[in-house]
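Single-letter residue listing:
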Amino acid sequence: MLQRRFQPRFVSPRSSAGGDEVGEAQGVLEVLGSRSPPLPQTPARVAHTAGPAQAPSEKEQHIARLRAALVKLESCHTARGATGLSLGDLDAHLPGGGLPVGVLNEVTADYAHRPAAYGFTFALMARGQMRRPGPIVLVMSRRALIDFGHPYGHGLAQLGLDVGDLILVEAGKDVDALWAIEEALRASGSVAFVAGAISGSVDLTTARRLNLAAASAATPLVLLRGGKEDAGPAATRWRIATAPAARDPHGGFGRWRWQARLERCRNGRPGLWNIEWCHVAHRFHLAEGVADRAPLAQPGRSRRAG
Amino acid sequence: MRSQAAAAAPDDPVDAGRPLVLVAPGKGGPRVASLNRAAREGGIASGELLSNARAKVLDLQVRDWDTQADADALRRLAAWALRYAPTVALYDGASGADGLFLEITGCAHLFGGEVAMLDDMRARLKAAGLAPRLAIADTSGAAWALSHHAACGTIAPSGAQAQMLQGLPLAALRLPAEALSLLQRLGLKRIGEIMGQPRAPFAARFEAALLGRLDQALGRTPEPLVPVSPPPRYHARASFMEPIFSVEHVLVAADRLLHDVAAQMLRDGAGARVLQLLLFRVQSKSAPDDDHGVTPLDIGLAAPSRDPAHITRLMGLKLERLGERALATDFGFEAAALHVRVAEPLTGHQVALRLDERQTDPHAVTGLVDRLRQRLGAGAVRVLVPRQSHVPELSEAAVTPAPALAQEASEAWRADFPVGPRPPLLLPQPETADVIALIPDGPPRQFRWRGVLHHVSHASGPERITPEWWRRTGDRTRDYYLVEDTSGRRFWLYRAGLFEPDAPQPAWYVHGVFA
């Protein structure tokens, strides 16, 4: 499990307190690991993560301004001023404090783990319902549905989804599905969340079109796709695999667990987490290690008095 | 011998220039049901015995009368006649079933007046090889009488049926044969002779038929028409100076028609739910069409609308889905009509004044549903609603989205919650699995599904679901288990049937996959 957190830091060339040591890093973005020992030439005040609460100095304000400017510059396809879709424990690892909205997010999985990828997508949809009112649209191409069946309302409801607000769209081909996704994104922001499931992958032009359509109303967009090609201007790409579920104290099933590998993340770093979905609070939790699993069979547990 | 020869070769090509009769079985043998001009000139009359007809004309062509084909042809002609007026009715059986009524109120001016309209109609029907008899009057009864017993193209001035009908024979009143022969025996021949008579004696002798028909012809009692297609609630039509071919031109024309219709609907506070765009092709003489040159395009909407831009967009999407063949013509389209078949109240709605951005426009969603349905097909867009059943595959249904459904469905989903775990993905059909269990009625230990062996690491269940006796027989009791294999994949399996002495061995099925 990767638990290292990286914080991009700006070092202001104009700050008075920094002295000449900081001047060496003029206009350069330094990425420092928070766990790495503080560099000897960096004054303690720059390492603002750990210091006691102080009034923000002029330098810190400046850093905040620069940070905001950089995000604006880098996220040319992201909707302006939109914050991400909060996912719970994963937020700290994602730029913008959550799943980017208004851009294309891809979810992939190996064939055997595709149900888990569906589950992850459904969970994201349930999360999206919390953020904004309006229906959620799930577009599926027929081939993407062939192997593991159709969405089942009772099961979706148990994942925390408001099924009454779910519009299912079935398209014959991937092309039609992508058209429908774009159409849903352009429905003047009245749709809370758009998800798609296609059997192939997305080419560059289509991905750009989807990005533009999603950005217009900052609609969250998740595309569950097959296909092996990994080129594409997606903001994030997740590869989901299933993991043994948590056990409840009585030996039954607890929350579903998935292994989520963030393979690509614009403005952020990839990572790998074991996550579990809480359908009541609508958030992901980082799963504890496997050590806390209840034993599969407890000897003597089912003893009866005769 | 001759009749046998004629009967043996019914597929001989017919020579329209020579005498031809269609025969139907009647009293005393086959009788002439219909005949052409040459046969009439030979002295044959309708209703005559076939043997008499043969005696009169030597080289008579005889065919059986195919009433079904006749009715079908008339129906196609009625579809063709929709280009003149939205309400077209067939003559009912009592009046001979050999023609059409068109309700042309408000339509004639589109063709430059009634005379021009009749000329246009006559020219087109003649071009199609038909010999039409046309008339216009205030009532359908009078129009029928004039078309059958006056010169072709007679137009009765408004309110002048009485004068026009006076000189016509009584047969022009669409009377039954018995009533007609009785009247002739009484010496009454012209309609004018009974118009001035006291009504009571006629009413006593002829029941409703005679006076009823007379009143209908004179417009004293209404005569409802049964149109071939239900009359549209709103309609508009246009003729084009030049035939149009391309999708773009069709859409421009549709947009113009929609603006006409939208104005009518706005006046009534209505919106269209079902529309039909009829495109009338330029007909070629060489290739007669099955559908008499009408290409219909049906549009259904999720919510009433009168927005021309929206509906035109839907038509464009529909044409895109249908592809090239939808608008395949030889010579293009010369006219178009737009019929609103179903309209519903559509009052203006006020957008709630809320300053936060968290509001959604319901019309945007129904518009989206419309566009998706037109492009992907009517069944492509679905909403899930719960159904009252314990059987998993019967406990929900996918229905077409409708406004206000979302609210109901959400409440129904919240109210209706199954006890056990349910998978988010359900297989369309349960699939058989080879299962090994430690004890016969225990959870699976390992199972083979789609050729892959799964070792079960954990299972929960069973959840017993018995078949609903009122639905169908043959279903067996199911014991559902949720199992997880060693790689963490989760499945929903069930064992169908119980271990009972006389029952067949239970079988295992995979019914769904968990995330």
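Just so you know, these numbers come straight off a predicted model, no measurement behind them.

What follows is about the pattern of salt bridges. Counted by the stated rule, this structure contains 33 salt bridges over all chains. We note a salt bridge from Arg 422 of chain B to Glu 463 of chain B, for which the minimum N-O separation is 3.0 Å. Of this pair, Arg 422 of chain B sits in the loop between helix H14 (405-415) and strand E14 (425-432) while Glu 463 of chain B sits in strand E17 (residues 452-465), placing them 41 residues apart in sequence. Neither residue differs from the other here; Arg 422 of chain B and Glu 463 of chain B are each classed as buried. One salt bridge connects Arg 464 of chain B with Asp 479 of chain B, and the closest N-O pair in it is separated by 2.8 Å. With Arg 464 of chain B in strand E17 and Asp 479 of chain B in strand E18 (residues 478-485), this residue pair connects regions lying 15 residues apart in the sequence. One salt-bridge network, in which partners are shared between bridges, spans Asp 110, Arg 237, Arg 239 and Glu 263 of chain A.

Residue and element names in this part refer to chain A. Where helix H6 (residues 174-185) meets helix H7 (residues 204-217), the closest approach of the two axes is 8 Å, and the angle between their N-to-C directions is 20 degrees. Classified by the interaxial angle, the pair formed by H6 and H7 is roughly parallel. Taken as a pair, H6 and H7 cross one another with a handedness that is left-handed. Residues Leu 178, Ile 181, Glu 182 and Leu 185 of H6 form the contact with H7, whose own contacting residues are Thr 206, Arg 209, Leu 210, Ala 213, Ala 214 and Ser 216. Across the contact of H6 with H7, the residue classes tally to six nonpolar, two polar and two charged.

Take the pairing of strand E2 (residues 29-35) of chain B next. Residue and element names in this part refer to chain B. Bridge analysis of strand E1 (residues 20-26) against E2 gives six bridges, and the strand direction is antiparallel. Paired with Leu 22 across the strands is Ser 34, a residue of E2. Hairpin connection from E1 to E2: two residues lie between these consecutive antiparallel strands, with Gly 28 at a positive phi of about 80 degrees.

Note that an α-helix has 3.6 residues per turn; residues three or four places apart therefore point the same way. Residue and element names in this part refer to chain B. Taking 1.5 Å of rise per residue, the 15 residues of helix H4 (residues 67-81) would be expected to cover 21 Å, and the 21 Å separating its terminal C-alpha atoms lies within 8% of that figure. Here the buried face of H4 lies against strand E4 (87-90), strand E5 (100-103), helix H5 (114-127), strand E9 (270-281) and strand E10 (294-305). For H4, the N-terminal cap is Asp 66; the gap from its side-chain oxygen to the backbone nitrogen of Ala 69 is 3.2 Å.

By convention, interface size is frequently given as the accessible area that disappears when the constituent parts associate. Contact with chain B, which involves 54 residues of that partner, is made by 58 residues of chain A. For the pair chain B and chain A, the two sides together bury roughly 4600 Å², of which 63% comes from carbon and sulfur. On the chain B side of the contact with chain A, Leu 425, His 458 and Ala 515 of chain B bury the most area, a combined 13% of that side's loss. Between the two partners, chain B and chain A, sit four salt bridges.

Further remarks concern the packing of aromatic side chains. For the structure on display, the rule yields 19 aromatic pairs over all chains. Ring centres 4.9 Å apart and planes at 45 degrees place the aromatic pair Tyr 480 of chain B and Tyr 494 of chain B in the tilted group. With Tyr 480 of chain B in strand E18 and Tyr 494 of chain B in strand E19 (residues 490-496), this pair connects stretches of sequence that are 14 residues apart. According to the relative accessible area criterion, Tyr 494 of chain B is buried, its value standing at 5%. Members of the aromatic cluster, each reached through a chain of ring pairs, are Phe 120, Trp 238, Trp 258, Trp 273, Trp 277 and Phe 284 of chain A. Geometry around Trp 179 of chain A places Arg 375 of chain B over its ring, the cationic atom sitting 4.8 Å from the centre. Against the face of Phe 148 of chain A rests Arg 450 of chain B, its NZ or CZ located 5.9 Å from the ring centre.

The backbone of Ala 218 of chain A sits at a positive phi, close to 55 degrees, despite the residue not being glycine. Among the structural elements, Ala 218 of chain A can be located in the loop between H7 and strand E8 (221-225). Residue Ala 218 of chain A is classed as buried on the basis of its relative accessible area of 14%. Its identity is not glycine, yet Arg 450 of chain B carries a phi of approximately 55 degrees, on the positive side. Residue placement: Arg 450 of chain B occurs in the loop between strand E16 (444-449) and E17.

The next thing to look at is the confidence of the model for chain A. Taken as a whole, chain A shows an average pLDDT of 75; of its residues, 70% reach a score of 70 or greater. Throughout residues 76-81 of chain A the model reports pLDDT below 50, and contacts reaching past four residues in sequence, or to other chains, amount to 13 contacts.

This part is about the nonpolar core. Trp 238 and Trp 258 of chain A are the most contacted members of the largest nonpolar core, which totals 81 residues. The element best represented in this core is helix H3 (residues 114-131) of chain A, accounting for nine residues. By size, the runner-up hydrophobic cluster in this structure holds 35 residues, among which are Val 137, Val 139 and Ile 181 of chain A together with Val 383 of chain B.

Our next topic: the packing of helix H11 (residues 247-268) of chain B against helix H12 (residues 308-322) of chain B. All names here are of chain B. In contact at an axis separation of 9 Å, H11 and H12 are set at 145 degrees when each is read in the N-to-C sense. As for the relative orientation of H11 and H12, their crossing is right-handed in sense. On H12, the residues that touch Val 247, Leu 251, Ala 254, Asp 255, Leu 258, His 259 and Ala 262 of H11 are Pro 308, Ala 309, Ile 311, Thr 312, Met 315, Gly 316 and Leu 319.

Strands in a sheet are paired, the pairing made by backbone hydrogen bonds, and the direction either parallel or antiparallel. All names here are of chain B. Ordered by their spatial adjacency, four strands build an open sheet running E8-E11-E9-E10, and the pairing between neighbours is antiparallel. Two strands close off the open sheet at either side, each with one partner strand: strand E8 (234-244) and E10. Shown here is a sheet whose adjacent strand axes are inclined to one another by a mean of 15 degrees, direction ignored. Sheet topology note: the E8/strand E11 (residues 333-345) ladder contains seven bridges and is antiparallel. Among the inter-strand pairings, Tyr 234 is bridged to a residue of E11, identified as Val 340. Packing against the sheet, H11 makes contact with E8, E9, E10 and E11, and its axis sits at approximately 160 degrees to E8.

Quick notes on the rules
- Residues numbered from 1 in each chain as written.
- Chains lettered and ligands numbered in written order.
- Predicted model: local features only at pLDDT ≥ 70, side-chain atom pairs only at ≥ 80, totals over all residues.
- Heavy atoms only, no water.
- Salt bridge = Lys/Arg side-chain N within 4 Å of Asp/Glu carboxyl O.
- Helix = DSSP H or I, 4+ residues; strand = E, 2+ residues; numbered from the N terminus.
- Buried < 20%, exposed > 50% of the residue type's maximum accessible area, 1.4 Å probe, protein only.
- Axes fitted to C-alpha atoms, helices over the stretch in contact; angles between N-to-C directions.
- Parallel < 35°, antiparallel > 145°, perpendicular 65-115°, else oblique.
- Left-handed = near helix turned anticlockwise from the far one by under 90°.
- Contact = heavy atoms within 4.5 Å.
- Nonpolar A, V, L, I, M, F, W, Y, C, P; charged D, E, K, R; others polar.
- Pairing = 2+ DSSP bridges.
- Expected span 1.5 Å × (residues − 1).
- Polar contact = N/O pair within 3.5 Å; in protein donor to acceptor, adjacent residues only side chain to side chain.
- Buried area = accessible area lost by both parts, 1.4 Å probe.
- Phe/Tyr/Trp six-rings, centres within 6.5 Å; stacked < 30°, edge-to-face > 60°.
- Lys NZ or Arg CZ within 6 Å of the ring centre and 35° of its normal.
- pLDDT = per-residue confidence, 0-100.
- Core = buried A, V, L, I, M, F, W, Y, C linked by side-chain atoms within 4.5 Å.

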